[in-house]
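Coordinate inspection notes
Each chain is listed here by its residues.
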Amino acid sequence: MGTYYSLGIISEFVAESEKTLTQAEWEQLLTKRLDLSLFRLTIHGNKIYGSLYPEIFKENIKDFYQILKEIAGPNRSENIDYYEKKFGSNLDDYHYSETVLFVEGSDGSLIKIGVRFALLFVEGKVSVEIFNTEPHLINWLFRNSKIANKLAGCVISEIV
C-alpha cells in the first residue's frame, strides 16, 4: 500500500464545542465548511451529528463526476472514471475514510469536526510529513464556488 491523495464527499460528521450551542449557533459556525441542508442533524449537549441524506448523493453524484471531469480536463486521472463506473450512485457502495476539519468558535476556540467521507477517487502516491491546510482549502473552494451541484457543499480531500 502507500500514501495516496483522495477526494470525497462527507457522509457523516460530528462536531464538538466546549459549550452547548443552539442549532442557530451551530449553523452559523459550520456553514463555513458544510451545507447543513444536505444533512440530517441531531444535537446532543455540546455535540452536533450530521448524516448526509442518501437521496442527495444518489441524485447528484453523476453530475458531480461530470463536473470533476470538466475541472480536471482530458488528462485527468483514469481513477475518476473508474470510481464513477464501479461505485455508481449508491453511497453505501463506496469505500470510506475519515479526517478532521476545524472552525473557529465565536469565542476564538477551535471546534473540531470529525468527518467520514466516501472516496470519489484515489490517485497518485505521495510523500508528506504534514497535511493540514490543503483539506481546508479544497473544502472551502468547493463550498464557496458557484458549482451548481449540491455535493459541492460537502467535498473534502485527504491523504489516505
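To be clear, the structure that these remarks concern was listed above.
Since we're looking at a predicted model, the values are computed, not measured. (Residues numbered from 1 in each chain as written. Predicted model: local features only at pLDDT ≥ 70, side-chain atom pairs only at ≥ 80, totals over all residues. Heavy atoms only, no water.)

**A short note on the overall build of the protein**
Scanning the protein from terminus to terminus reveals 4 helices and 6 strands. Scanning the protein from its N terminus toward the C terminus, one meets helices and strands in the order β-α-β-β-α-α-β-β-α-β. Its C-alpha atoms give the protein a radius of gyration of 16 Å, within 12% of the compact-globule value 15 Å for 160 residues. With respect to the principal axes defined by its C-alpha atoms, the protein has extents near 45 × 35 × 30 Å. Burial status across the protein gives 44% buried among its 160 residues. Counted over contacts in the protein with a minimum sequence separation of 6, partners at least 24 positions apart contribute 70%. Accessible surface, the protein as shown: approximately 8,900 Å² in total, 49% of it carbon and sulfur. Charged side chains of the protein number 17 positive and 22 negative; the gap between the two group centres comes to 3 Å. (Helix = DSSP H or I, 4+ residues; strand = E, 2+ residues; numbered from the N terminus. Rg over C-alpha atoms; globule rule 2.2 N^0.38 Å. Buried < 20%, exposed > 50% of the residue type's maximum accessible area, 1.4 Å probe, protein only. Contact = heavy atoms within 4.5 Å. Areas by Shrake-Rupley, 256 points an atom, 1.4 Å probe, with all protein chains shown as cover. Lys, Arg positive; Asp, Glu negative; His and termini not counted. Charge placed at Lys NZ, Arg CZ, Asp CG, Glu CD.)

**Let's talk about the side chain of Ser6**
Following the sequence through the fold, Ser6 ends up in strand β1 (residues 4–16). With sequence-adjacent residues up to four places away left out, Ser6 is seen in contact with Phe117, Leu119, Phe121, Val122, Ile156, Ser157, Glu158 and Val160.

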